[in-house]
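Inside the fold
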Amino acid sequence: MKGIGPIALAIIVVVVGLLLSGAFFNMFIGTTVIIRETIKEKTVLNAVNKMESIKIGVEHALYYSFSQGAYEVLLTGGYDDLSTLRKEDDTPYWRVYDKTYYPADYLENIASRVDSIFEEYRKASVDVFIPDGEIEMTHIPNGLLINFHSTGLLKYETEFVRLYDNPNTTLILKDSIKTMFERSREMFIDQDSIRDKIVEACQVACTVENIRQELKSLEQTYDGIEIQLDVKNIITDGMDGAALVLVIVRDKENEYPVYDYLSHYTNLELRFYVLSGTKQLI
Amino acid sequence: MVLGKGFAPLTLLLIGVIFTIALILLVVVFVFTFRYHVVSNLQLIYNYNNAELAFLTFMRSKFDTTSTGYDILAARKINGFDGNDRMKLFVEEKLNMTTLSNCYKLVDSRSTFFKVGNCDPTENVASFMFFIPYNPDSLIEEITLVYD
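The rules we used
Residues numbered from 1 in each chain as written. Chains lettered and ligands numbered in written order. Predicted model: local features only at pLDDT ≥ 70, side-chain atom pairs only at ≥ 80, totals over all residues. Heavy atoms only, no water. Helix = DSSP H or I, 4+ residues; strand = E, 2+ residues; numbered from the N terminus. Rg over C-alpha atoms; globule rule 2.2 N^0.38 Å. Core = buried A, V, L, I, M, F, W, Y, C linked by side-chain atoms within 4.5 Å. Buried < 20%, exposed > 50% of the residue type's maximum accessible area, 1.4 Å probe, protein only. Contact = heavy atoms within 4.5 Å. pLDDT = per-residue confidence, 0-100. Disulfide = S-S within 2.5 Å. Salt bridge = Lys/Arg side-chain N within 4 Å of Asp/Glu carboxyl O. Buried area = accessible area lost by both parts, 1.4 Å probe. Polar contact = N/O pair within 3.5 Å; in protein donor to acceptor, adjacent residues only side chain to side chain. Pairing = 2+ DSSP bridges. Axes fitted to C-alpha atoms, helices over the stretch in contact; angles between N-to-C directions.

Moving on: the overall build of chain B. Each helix and strand in chain B was counted, giving 3 helices and 4 strands. Each helix and strand of chain B, placed in order from N terminus to C terminus, yields the pattern α-α-α-β-β-β-β. Over its C-alpha trace chain B gives a radius of gyration of 28 Å, far above what one expects of a compact globule, namely 15 Å for 148 residues. Expressed as lengths along the three principal axes of its C-alpha atoms, the size of chain B is roughly 95 × 30 × 25 Å.

Structure follows, in structure tokens:
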């Protein structure tokens, strides 16, 4: 047993050294591993949360696109392209005496404009990729259905995580647009209310003032929709008269965020001209 | 150096004692470092995740039949948020509830536009990109929630 002392001491030193260095290595390596894992977990959670925020955002981008698109197309009488129409200051004529130019595909025109605005939002998205898709708008019994659908996927990609989700989004809004167009069609396309009023006025006295008074009686509020007439011109000739009227149909109950050189909330307005009368005087 | 016969049992005892202490130390160090890192890791993830979840929950909160917390913040430059006490109260109530804090602020790229508490929060941070009402100059902005 003589030699056990120094050997034992050496073993003790080595073993204790190994144990302690093991403990410290465990601490440092463990710290590195845990930090790396934490970063990974944070990245995954961050990706999931970012994706969720964009899914909420897509609904809002769709709503803002609709607001702006509907605002712009309604101001141009329900048309997306006025190049082939008679117009004044980008407001089209819906009626020129017996000829009518009702935008029967107004909803497609609005959807087309909404689609191009939504495209701007889609491209503005940072971090999360929003795929290209289509906007569809449909009148349904309880409102206006706006649907963005795509065959692609929302995508978020980093070094540690790649996340995909369904981008399809649907909004159901109060359908004041249908009322605006249908009421306008009833009054100025199916019937020629302007001509009818000129006839009524001229049966009493065919004067500019009398016709103006009669036309004012067409102004009304109908199911939250206000119809205003801005009479631009009236010409009379004996027992005949003709009038050029700017019709403004306003959704009084809802305000939408729009940009018109300035961002603000406003009511949607449908604008179109009606030129009518008992004789082509204008 | 040569140790005498009488030292052998003492040496063995010493070896045993040192081994035992080293082993206990090893276990204690291991358990404490492991616990420390696990707790800090969980705390970090919990805090981080909570800030983002609190903000997401706020975004979904209904302000009225047509708008949410998201709308209020996204459209704040045109919806009169600065002068609207009802909106501000809504934001305060919802963020009190979701952050469980009375010290927080909302920040955009320019400034702090909403702050609660006489403090300067820094601990929990969550930033998200918000789509804003149409404006050809800008369609998206980053809003950050910071709370302690």
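The next subject is the nonpolar core. Ranked by internal contacts, the top residues of the largest apolar core, which has 101 residues, are A:Phe66, A:Met137, A:Ile177, A:Ile194, A:Leu215, B:Phe55 and B:Leu106. Here the element with the most residues in this core is helix 1 (residues 4-75) of chain A; it accounts for 14 residues. Ignoring any residue separated from it by four or fewer positions in sequence, one finds A:Ile177 in contact with A:Phe66, A:Ala70, A:Leu74, A:Tyr106, A:Ile110, A:Leu144 and A:Leu268. Among the nonpolar cores identified, the runner-up in size contains 9 residues, and A:Tyr93, A:Leu244, A:Leu246 and A:Leu275 belong to it.

The next subject is the confidence of the model for chain A. Mean pLDDT over chain A: 90, with 98% of residues reaching 70 or higher. Of all helices and strands in chain A, the one with the weakest mean pLDDT is helix 1 of chain A (83), whereas strand 2 (residues 91-96) of chain A scores best (96).

On to the state of the cysteines, then. Inspection of the entire model under this criterion finds 2 disulfides over all chains. Here A:Cys202 engages in a disulfide with A:Cys206; their sulfurs sit 1.9 Å apart. Its S-S torsion of about 50 degrees marks the bond between A:Cys202 and A:Cys206 as right-handed, since a negative value means left-handed. For the pair shown, A:Cys202 and A:Cys206 are each scored as buried. One disulfide bridge connects B:Cys103 with B:Cys119, the sulfur atoms lying 2.0 Å from each other. An S-S torsion of about 120 degrees defines the bridge between B:Cys103 and B:Cys119 as right-handed. One end of the pair, B:Cys103, is in the loop between helix 3 (85-99) and strand 1 (104-107); the other, B:Cys119, is in the loop between strand 2 (112-116) and strand 3 (124-131), with 16 residues separating them in the sequence. Residue B:Cys103 is classed as buried on the basis of its relative accessible area, which comes to 11%. Residue class for B:Cys119 comes out partly exposed when judged on its relative accessible area of 23%.

Take the pattern of salt bridges next. Residue and element names in this part refer to chain A. Enumeration over the complete set of coordinates arrives at 25 salt bridges over all chains. Salt-bridge contacts for Glu 186 lead to Arg 183; the nearest nitrogen and oxygen are separated by 2.9 Å. Of the two residues, Glu 186 and Arg 183 are both situated in helix 3 (residues 176-190); the distance of 3 residues between them amounts to about one turn of the helix. For Arg 183, a relative accessible area of 18% gives the class buried. Linking Asp 237 and Lys 279 is a salt bridge whose minimum nitrogen-to-oxygen distance equals 3.1 Å. One end of the pair, Asp 237, is in strand 10 (residues 225-237); the other, Lys 279, is in the segment after strand 12 (263-277), with 42 residues separating them in the sequence.

Taken together, the 46 residues of chain A in the interface contact 46 residues of chain B. For the pair chain A and chain B, the summed buried surface comes to about 4400 Å²; carbon and sulfur atoms form 73% of the total. Of all residues in chain A, the largest losses of buried area upon contact with chain B belong to A:Asn49, A:Tyr64 and A:Tyr121, amounting jointly to 12% of the total for that side. Run the count over chain A and chain B and you get 2 salt bridges. For A:Glu59, the salt bridge is made with B:Arg60, and the minimal N-O distance between the two is 3.5 Å. Put simply, chain A and chain B have 10 residue pairs in polar contact (both at pLDDT 80 or more) between them. At the level of secondary structure, the elements contributing two or more residues to the side of chain A that touches chain B comprise helix 1, helix 2 (106-124), strand 11 (240-259) and strand 12 of chain A. Examining the composition of the side of chain A that touches chain B, we find that 32 residues originate from one element, helix 1 of chain A, more than from any other.

Attention now goes to the sheet that holds strand 2 of chain B. Within a sheet, neighbouring strands are paired by backbone hydrogen bonds and run either parallel or antiparallel to one another. Residue and element names in this part refer to chain B. Taking strand neighbours across the sheet as the criterion, the 4 strands line up as 2-1-4-3 in an open arrangement whose pairing is antiparallel. On the outer flanks of this sheet lie strand 2 and strand 3, each paired with one strand and no other. Each neighbouring strand pair of the sheet contributes to a mean axis angle of 15 degrees, computed without reference to strand direction. Summarising the sheet, strand 1 and strand 4 (residues 140-147) pair through 4 bridges and their orientation is antiparallel.

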